[in-house]
Amino acid sequence: MNPSRRPLIAGNWKMFNGGRAGVELAEACVAFARDLPSVDVVVAPPYTALAAVADTIDGSPVALAAQNIHPKDNGAYTGEVSGPMLEECGCTWVIVGHSERRQYFAESDAFVAEKASAALANDLLPIICVGETLQQREAGETLRVVKQQVDAFLDVIAQTPKAVAIAYEPIWAIGTGKTAGPTEAEEVHAAIRSWLEKKSPELANRTRILYGGSVKAENAAALLSCPNVDGALVGGASLDAGSFGAIANAARAARGK
Ligand code: PGA
């Protein structure tokens, strides 16, 4: 882990804990985050819990993310939520381009780039997700696929001085219990860093590249010790504050603080 980038551990609650249970989970995250001042802890509850969780974490080191954003600020888009609404609700981060959205809601690379741009225009930092399918990995296409996904939003993140995050999440590792090993993860993270570097060394230096896909307390230390892994996007294990806290603690330890 590079000392110039603070470790970022983000919990993607997906379609869980959208009410009272979300507030309780957020309270438990606040409790462990207070002891980890060198780690940025972010939680991403469902929309229905955003306002209540924003109240719960107010004044604490935990930051709030939404799981999605519509690129328009307002309009006739039934069921959608916009950047200004998320900002007013207390979000400072938003996940965009998660593979579940790409897969089940047909979000294209161009649409993901639009969302990243809308986030930045509304003072929200995007966590932009990329990653290959098992079939693509087995065909040796991982770097080609991930590069194509990164290229789609590279200009958007290069045009701002803000420090966005990219999450490399191999689709075959999400919710399956399979993780990319540290060597596989580092290979892709280093490649992403090199593409950013080519665009601008400053961009490469400020962008945190997170790993996601079955990150657990047991495998976090090895992944977070990789030089180009700056944190984790955690799904299942973020629903248990003990596990999520242990992952954040592994990030602290990987930085040697
Ligand atoms: P997982 O999910 O940790 O449950 O594999 C990660 C994600 O989808 O962000």
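What you see is a predicted model; the values in this text were computed from it and never measured.

> Pulling in residues and values, what's your account of the layout of surface pockets?
Empty space within the largest pocket amounts to approximately 470 Å³. Along its surface, the largest pocket is lined by 18 residues, and Lys-14, Met-15, Gln-67, Arg-101 and Phe-105 are the ones closest to its centre. Top element by residues in the lining of the largest pocket is helix α4 (residues 99–104). It accounts for three residues. For the lining of the largest pocket, a count of residues per class yields nine nonpolar, five polar and four charged.

> Tell me about the packing of aromatic side chains, and please be specific about residues and values.
Scanning all chains against the criterion turns up two aromatic pairs. Ring centres of Phe-32 and Phe-244 lie 5.8 Å apart, and the angle between their planes is 80°; this geometry places the pair in the edge-to-face category. Of this pair, Phe-32 sits in helix α1 (residues 20–33) while Phe-244 is found in helix α11 (residues 241–254), placing the two residues 212 residues apart along the sequence. Taken individually, Phe-32 and Phe-244 each receive the classification buried, so the pair is uniform in this respect. Sitting above the plane of the Phe-105 ring, Arg-101 keeps its charged end 4.0 Å from the centroid. Above the face of the Trp-195 ring, Lys-147 is positioned so that its terminal group lies 6.0 Å from the ring centre.

Reading the values: rules and limits
- Residues numbered from 1 in each chain as written.
- Predicted model: local features only at pLDDT ≥ 70, side-chain atom pairs only at ≥ 80, totals over all residues.
- Heavy atoms only, no water.
- 1 Å grid on protein atoms, 1.4 Å probe; cavity = no way out; pocket = protein on both sides within 12 Å on 5 of 7 lines; lining within 4 Å.
- Points joined across faces, edges and corners; volume = space filled by probe spheres on them.
- Helix = DSSP H or I, 4+ residues; strand = E, 2+ residues; numbered from the N terminus.
- Nonpolar A, V, L, I, M, F, W, Y, C, P; charged D, E, K, R; others polar.
- Phe/Tyr/Trp six-rings, centres within 6.5 Å; stacked < 30°, edge-to-face > 60°.
- Buried < 20%, exposed > 50% of the residue type's maximum accessible area, 1.4 Å probe, protein only.
- Lys NZ or Arg CZ within 6 Å of the ring centre and 35° of its normal.

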